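For reference, the chains in residue letters:
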Amino acid sequence: MESRTLLVSGTSRGLGQALAEHYLALGHSVIGCSRSEASISHPAYQHYAIDVSNEEQVTGLVRALRREGPGKLDAVINNAGIAAMNAFALSPISSFDRIFDVNVRGTALFCQKTLPLLRKATHPRIVNFTTIAVPMRLNGEAFYAASKSAVETLTRIIAREYGSYGITCNAVGPSPIDTALIAGVPADKIDRLLSQQAIKEKATADDVINAVDFFLRPESRHITGQILYLGGYG
C-alpha cells in the first residue's frame, strides 16, 4: 500500500492507539485525536486534543488540516466511542445523551466535515465502528447498542451518498476485546457472550486491524455500505 494520510479518532489509548501505531509502522502519516494529549510520539504523527462531538472543534481540526496539512485525507477511521452497561430501566438519560454525542454525533461530524479532504484522495475510505451488541441485542447495553445501530444506518446511507465521489464507507463490529470499553463488565457476562459466538474467545487489536486493513485496500473499491462483525455471532 502506498503512503497515505489517515485520520484516526480516539488514539490516546486502546484500539485507537493500536490502529495509529500500526499505520505509522507501515510508513503512513497519521492524524490522531482524543480529549487528552498525545500518547504517541512519532515524526509522522500529529495529534489534536478535541471533543469529537463538538462541531466547532471538529471543524477547526479540518480547517487546520486544509491550511497546514497535506490537503487531503486518504482515510477516516471513526474509532472514538464510549459505552455504559446498565439495565435499561436504571439507565439515566444523561448517559444516553453522552453515548449518542460521542458515538453518533462524533461519527457524523467526522464523516461530514472531512468530505472535502477525502474527495481529493485517489482511494478515499471511511471506516466506522459498531459492535456485536447490535445483532445480539445484549441485555444491559440498550443505549450503547442503539447508538451503534444509528452508526450502522449512517454508514449505509453515507456509502450511497458518497459513492459518486469514489468514497467507500463501511463499519467493523468487534467481538469483546480487552480495552477500557469493557473493563467494568463482569467476567461471567463476557464468558456468556463469547459462548454465543462461533469463535469462543476474545478478539485482539490485530483481529480488528485486519478487518480495517481490508476495507482500506485500494482493491476494496466496490465494497461499501457493509457491516463486518467479528467472532461469528449468533
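Computed from a predicted model, the values in this text were never measured in an experiment. (Residues numbered from 1 in each chain as written. Predicted model: local features only at pLDDT ≥ 70, side-chain atom pairs only at ≥ 80, totals over all residues. Heavy atoms only, no water.)

Enquirer: How should I be thinking about the overall build of the protein chain in this particular structure?
Expert: Within the protein chain, the regular secondary structure consists of eight helices and seven strands. In terms of C-alpha radius of gyration, the protein chain reaches 17 Å, essentially the compact-globule figure of 17 Å for 234 residues. Looking at the protein chain residue by residue over its 234 residues, the buried ones come to 50%. Taking the contacts inside the protein chain whose residues are at least 6 apart along the sequence as the reference set, 71% of them involve residues at least 24 apart. Accessible surface for the protein chain amounts to roughly 11000 Å². Of this, 50% is attributable to carbon and sulfur atoms. (Helix = DSSP H or I, 4+ residues; strand = E, 2+ residues; numbered from the N terminus. Rg over C-alpha atoms; globule rule 2.2 N^0.38 Å. Buried < 20%, exposed > 50% of the residue type's maximum accessible area, 1.4 Å probe, protein only. Contact = heavy atoms within 4.5 Å. Areas by Shrake-Rupley, 256 points an atom, 1.4 Å probe, with all protein chains shown as cover.)

Enquirer: Would you take a moment to explain the environment of G173 for this structure?
Expert: By the element assignment, G173 lies in strand β6 (residues 168–173). Assessed through its relative accessible area of 0%, G173 is described here as buried. Remark: the alpha-carbon pair of G173 and A25, spanning 148 residues in sequence, is separated by 24 Å. Non-local contacts of G173, meaning those with residues more than four positions away in its chain, are made with T130, T131, I132, L228, Y229 and L230.

Enquirer: Explanation requested: the sheet that holds strand β3 (residues 45–49) in the structure shown.
Expert: Two orientations exist for strands paired in a sheet by backbone hydrogen bonds: parallel and antiparallel. Across the sheet, seven strands lie side by side as β3-β2-β1-β4-β5-β6-β7; this open sheet has parallel pairing. Looking at the sheet topology across the chains shown, the edges are occupied by β3 and β7 (227–229). The average undirected angle you get between the axes of adjacent strands in this sheet is 15°. For strand β4 (residues 75–78) and strand β5 (residues 125–129), the ladder comprises four bridges, and the chain directions are parallel. From the neighbouring strand, V76 faces β5, where its bridge partner is I126. Sitting on the sheet, helix α1 (residues 14–25) touches β1 (5–9), β2 (29–34), β3, β4 and β5, and the angle it makes with β1 is about 170°. (Pairing = 2+ DSSP bridges. Axes fitted to C-alpha atoms, helices over the stretch in contact; angles between N-to-C directions.)

Enquirer: Please explain the nonpolar core as it appears in this structure.
Expert: One broad rule of soluble globular proteins: the nonpolar side chains tend to lie buried together. Ranked by internal contacts, the top residues of the largest apolar core, which has 27 residues, are Y48, L61, L73, F110 and I126. Every element with two or more residues in this core is listed here: β2, α2 (55–68), α3 (93–113), α4 (115–118) and α6 (142–162). If you tally residues by element for this core, the top one is α2, at five residues. Once residues lying within four places of it in the same chain are set aside, the contact partners of F110 are L7, C33, I50, V52, V58, V76 and N78. (Core = buried A, V, L, I, M, F, W, Y, C linked by side-chain atoms within 4.5 Å.)

Enquirer: Would you take a moment to explain the environment of S39 for this structure?
Expert: Along the polypeptide, S39 turns up in the loop between β2 and β3. In this structure S39 comes out as partly exposed when scored by relative accessible area, which is 37%. Residue contacts for S39: discarding those within four places in its chain leaves T11, S12, R13 and Q17. Polar contacts involving the side chain of S39 include one to the main-chain carbonyl oxygen of T11, which spans 3.4 Å. A distance of 2.9 Å separates the side chain of S39 from the backbone oxygen of S12, its partner in a polar contact. (Polar contact = N/O pair within 3.5 Å; in protein donor to acceptor, adjacent residues only side chain to side chain.)

Enquirer: Sorry, what's going on with unusual backbone geometry here?
Expert: Glycine aside, a negative phi is what most residues show, and trans is what most peptide bonds show. The phi torsion at R137 lies on the positive side, around 50°, for a residue other than glycine. Along the polypeptide, R137 turns up in the loop between α5 (133–136) and α6. Classification of R137 as exposed rests on a relative accessible area of 69%.

Enquirer: What is the right way to look at the packing of α2 against α3 in this model?
Expert: Each pair of packed helices can be described by the angle between their axes along with the distance between the axes. Relative orientation of the contacting elements α2 and α3 amounts to 30°, with a least axis distance of 10 Å. The handedness of the crossing between α2 and α3 is right-handed. Residues E55, V58, T59 and V62 of α2 form the contact with α3, whose own contacting residues are R105, L109, F110 and K113. Counted by class, the contact of α2 with α3 contains four nonpolar, one polar and three charged residues. (Left-handed = near helix turned anticlockwise from the far one by under 90°. Nonpolar A, V, L, I, M, F, W, Y, C, P; charged D, E, K, R; others polar.)

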